[in-house]
Amino acid sequence: MHDDFRLGDFADKAQGGQPPVACGDSPRSISGKTKGEVAYDGAAEAPVERVIERDDVATTPVDGMGCHAPSEKMEAQARAAGNGEVLDQFAKDYPRGPHDKPESMCPAFGSLRVGLRMRRVATVLSGSACCVYGLTFVSHFYGARRSVGYVPFNSESLVTGKLFEDIRDGVHELADPARYDAIVVTNLCVPTASGVPLRLLPKEINGVRIIGIDVPGFGVPTHAEAKDVLAGAMLNFARQEVLAGPVPAPVAGRADRPTVTLLGEMFPADPMMIGAMLAPMGLAAGPVVPCREWRELYAALDCSVVAAIHPFYAASVREFEAAGRPIVGSAPVGVDGTHDWLAAIGAAHGVPAGQIAAAQNAFVPAIKGALAGAPIKGRITLSGYEGSELLVARLLIESGADVAYVGTACAASRWSAADKDWLESRGVVVKFRASLADDLAAADGLDPDLVIGTTPVVQHAKQKGTPSLYFTNLISARPLMGPAGAGSLGEVVNAAIAGKARMDKMRDFFEGVGEGDTAGIWEGTPNLRPDFRAQHQKKLDKAARAAKAQEMI
């Protein structure tokens, strides 16, 4: 078992165990370098192998089964290794439809983040070192203050089954009930394609639960849906525990009223606002799934109704339905959304009509007032991969904005149908499983005053001088529910739209610096060398032909 990568470890390896030359020391002479040049290690002394590439040498075919392999090859390998049932379930839960998969970060980041945010839960990754490094880096970038376990492997341990034995030994070593309630082991692409059978791990070691999941990039389309993979696996484990006998009560105790479990990550103030809106109906807000500790899973299952705030949690919904819990889609956003959602929640629990009306009358006028106090004027295109894009679009429209396009990387589901119908009835184009090309076409073709989207969409818009906002950090990280959410978007959206003149000034200032191959400032004419590009493309084409011929053998 290894902890996650640490900067100091890389620094030691990079220096080869030699201390760097301090600023006041005499510089060393390095072979091949100008005497007097300051050197910090002996890297320049390493022999350099010069390889002359020849166009007439046949390209060696690759096996195509590394982490760089095409997704269809990885999927075929996984099915041949016995993981077809897992992939079939992914296809059912997270249908891809018309695109192979949207351009997004590695989906395993979603499940990794869910595990890292839970108390007394250890996380172990099994995958290529480059993937593990990238995932741990991004996790710590987003505030994870916890080590990530890693079980390394090579071709031999992968093929012989030694990797599974190493994983099993690792979880046995890690399973300390004084520290952990559960250990999550995640197969990334290569172990999944090779059929590493995490299902054969013990279900429990020393009282510590062992949760094994596969989150391959060729099976789970987005990191948002990967959150559901782990949340669903944990709910399934907790539900089996409940069926087996009494389980511990939540640390905060059981609620004195029937609860509504909230499905989907949201801004911390939103559950409190939802709880306030449910109170007139005699209901309380239950846990938010994904949960923050194991006992919350029992409380989530012990609810009266499940609110699918984010509509893509298919595996989690399956567990709640198996527990006999009704599911309600959409969310209390804006006037119409709040009115309809409170009615649907009340009906699912059997709340008398008078109490439902009391809740609606207590909060809908306040939401109208908040929207009126923060109006938004302008045309907006909106896209993202968090799963809440349709909810944000509803709130923007009720704030007065002209939302022309909504693209989400997630798939359509029955829990998003009401939001889709509401938006389309107001002339909005709604695109599920939207690709980057879809989002860019909307930003270019609909002449928006503001583009809200993912990083490449925002970058594209800014290069054109169009005000833009990053959806994940600037929009979804705000309250959306009830009166608090109604006025949360106006300030940031209006400020961005008002910055159009500043964006035009920046575009004009950088006009002429070039783009693509000619980006930057050149003293002379850029030397593009299209002959080099053509030669390289010729090599790529030859390698592709060789790989195709190998497939036919």
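Residues numbered from 1 in each chain as written. Predicted model: local features only at pLDDT ≥ 70, side-chain atom pairs only at ≥ 80, totals over all residues. Heavy atoms only, no water.

Enquirer: Explanation requested: the overall build of the protein chain in the structure shown.
Expert: Scanning the protein chain for helices and strands turns up 22 helices and 14 strands. The buried share of the protein chain, taken over its 553 residues, is 46%. At a minimum sequence separation of 6, the contacts of the protein chain that also span at least 24 residues come to 72%. Of the accessible surface of the protein chain, which amounts to about 27,100 Å², a share of 55% is contributed by carbon and sulfur atoms. (Helix = DSSP H or I, 4+ residues; strand = E, 2+ residues; numbered from the N terminus. Buried < 20%, exposed > 50% of the residue type's maximum accessible area, 1.4 Å probe, protein only. Contact = heavy atoms within 4.5 Å. Areas by Shrake-Rupley, 256 points an atom, 1.4 Å probe, with all protein chains shown as cover.)

Enquirer: How do you make sense of the layout of surface pockets when you look at a structure like this?
Expert: Here the second largest pocket is characterised by a volume of approximately 910 Å³. Around the second largest pocket, the lining is made up of 30 residues, and of these V86, G212, I213, A233 and N236 lie nearest the centre. For the lining of the second largest pocket, the class distribution of residues is 15 nonpolar, 7 polar and 8 charged. (1 Å grid on protein atoms, 1.4 Å probe; cavity = no way out; pocket = protein on both sides within 12 Å on 5 of 7 lines; lining within 4 Å. Points joined across faces, edges and corners; volume = space filled by probe spheres on them. Nonpolar A, V, L, I, M, F, W, Y, C, P; charged D, E, K, R; others polar.)

Enquirer: Where do I start with the packing of helix α8 (residues 223-244) against helix α11 (residues 314-322) in this structure?
Expert: For any two helices packed against each other, the geometry is given by the interaxial angle and the distance between the axes. One can describe the packing of α8 onto α11 by two numbers: an axis separation of 7 Å at closest approach and a directional angle of 20 degrees. Between α8 and α11, the angle is such that the two are roughly parallel. Helix-helix and strand crossings are classified by hand; for α8 and α11 the assignment is left-handed. Residues D228, A231, G232, L235, N236 and R239 of α8 pack against A314, A315, S316, E319, F320 and A322 of α11. Residues that form the contact of α8 with α11 fall into these classes: 6 nonpolar, 3 polar and 3 charged. (Axes fitted to C-alpha atoms, helices over the stretch in contact; angles between N-to-C directions. Parallel < 35°, antiparallel > 145°, perpendicular 65-115°, else oblique. Left-handed = near helix turned anticlockwise from the far one by under 90°.)

Enquirer: Got a minute to help me understand the sheet that holds strand β2 (residues 149-150) in this structure?
Expert: In a beta sheet, neighbouring strands are held together by backbone hydrogen bonds and run either parallel or antiparallel to one another. Across the sheet, 5 strands lie side by side as β2-β1-β3-β5-β4; this open sheet has mixed pairing. On the outer flanks of this sheet lie β2 and β4 (204-205), each paired with one strand and no other. Across 6 bridges, strand β3 (residues 182-187) lies against strand β5 (residues 208-214) in parallel orientation. Across the sheet, residue I183 finds its bridge partner in β5, namely I210. Sheet strands touched by helix α3 (residues 108-116): β1 (121-126), β3 and β5. Its angle to β1, the strand with the most contacts, is close to 155 degrees. (Pairing = 2+ DSSP bridges.)

Enquirer: For this particular structure, what's the right way to read the packing of aromatic side chains?
Expert: The geometry of two aromatic rings is summed up by the distance between their centres and the angle between their planes. All told, the structure shown has 4 aromatic pairs when counted by the stated rule. Between F90 and Y94, the ring centres sit 6.2 Å apart and the planes meet at 35 degrees, which makes this aromatic pair tilted. Taken individually, F90 and Y94 each receive the classification buried, so the pair is uniform in this respect. A ring pair is formed by Y133 and F137, whose centres lie 6.3 Å apart and whose planes are at 35 degrees; its orientation type is tilted. (Phe/Tyr/Trp six-rings, centres within 6.5 Å; stacked < 30°, edge-to-face > 60°.)

Enquirer: Looking at this model, I keep getting lost on the pairing of strand β11 (residues 402-408). Mind explaining?
Expert: Along any regular strand the residues' side chains alternate between the sheet's two faces. In terms of burial, β11 is a largely internal element, 6 of the 7 residues being buried. Here 6 bridges tie strand β10 (residues 379-384) to β11, and the two strands are oriented parallel to one another. By the bridge assignment, T381 is partnered in β11 with Y405. The β-α-β motif built from β10, the intervening helix α14 (residues 389-398) and the parallel element β11 has right-handed crossover chirality. The β-α-β motif built from β11, the intervening helix α15 (residues 417-424) and the parallel element strand β12 (residues 429-432) has right-handed crossover chirality. (Right-handed = clockwise from strand over helix to strand, strands pointing away.)

Enquirer: Teacher, can you tell me more about helix α17 (residues 455-463) here?
Expert: Side chains of residues three or four places apart in an α-helix project in the same direction, reflecting 3.6 residues per turn. Looking at α17, one finds that the buried residues are V457, V458 and A461. In an axial view of α17, the angular spread of the buried residues amounts to 95 degrees, which keeps them on one side of the axis. Two residues or fewer past α17, G465 is found with a positive phi of approximately 85 degrees. (Arc of directions from axis to C-beta.)

Enquirer: Explanation requested: the nonpolar core in the structure shown.
Expert: Counting residues in each nonpolar core, the largest one holds 76 residues, and the members touching the most others are I183, W294 and F320. Aside from chain neighbours lying at most four places away, what touches I183 is A122, V124, V171, L174, A175, V208, R209, I210 and I211. (Core = buried A, V, L, I, M, F, W, Y, C linked by side-chain atoms within 4.5 Å.)

Enquirer: What should I look at first to understand the pattern of salt bridges in this one?
Expert: Opposite charge on two side chains makes pairing possible when the charged atoms of those side chains draw close. According to the stated counting rule, one finds 23 salt bridges in the structure shown. Here R257 ties to D256 by a salt bridge, and the two come within 3.7 Å at their closest N and O atoms. Its relative accessible area of 35% is what places R257 among the partly exposed residues. Among the salt bridges present, the one from R426 reaches D336, with a minimum N-O distance of 3.4 Å. Remark: D336 occurs in helix α12 (residues 334-349) and R426 occurs in the loop between α15 and β12; sequence separation between them is 90 residues. In this structure, a network of salt bridges that share partners links the residues K500, D504, R507 and D508. (Salt bridge = Lys/Arg side-chain N within 4 Å of Asp/Glu carboxyl O.)

Enquirer: How should the pairing of strand β7 (residues 284-289) be read in this particular structure?
Expert: Bridge count between strand β6 (residues 259-263) and β7: 4 bridges; the pairing is parallel. Bridge pairing in β7 links L263 to V289. Read from β6 through helix α9 (residues 269-278) to β7, the crossover connection turns out right-handed.

Enquirer: Please explain the side chain of E225 as it appears in this structure.
Expert: In this fold, E225 is placed in helix α8. For E225, a relative accessible area of 1% gives the class buried. Engagement of the side chain of E225 in a polar contact is seen with the side chain of R433, the distance being 2.8 Å. (Polar contact = N/O pair within 3.5 Å; in protein donor to acceptor, adjacent residues only side chain to side chain.)

Enquirer: Could you clarify how one ought to interpret α12 in this entry?
Expert: Between its first and last C-alpha, α12 extends 22 Å over 16 residues, near the 22 Å set by a 1.5 Å rise per residue. With its phi angle positive at about 85 degrees, G350 sits one or two positions after the end of α12. (Expected span 1.5 Å × (residues − 1).)

Enquirer: In this structure, what is going on with the sheet that holds β7? I would like to understand it.
Expert: Across the sheet, 4 strands lie side by side as β7-β6-β8-β9; this open sheet has parallel pairing. Since the sheet does not close on itself, it has two edges, and those belong to β7 and β9 (327-329), each with one partner. Neighbour-to-neighbour, the strand axes of this sheet turn through a mean angle of 30 degrees, independent of strand direction. Each of β6 and β7 is contacted by helix α10 (residues 294-301), which is oriented at about 130 degrees to β7, the strand it contacts most.

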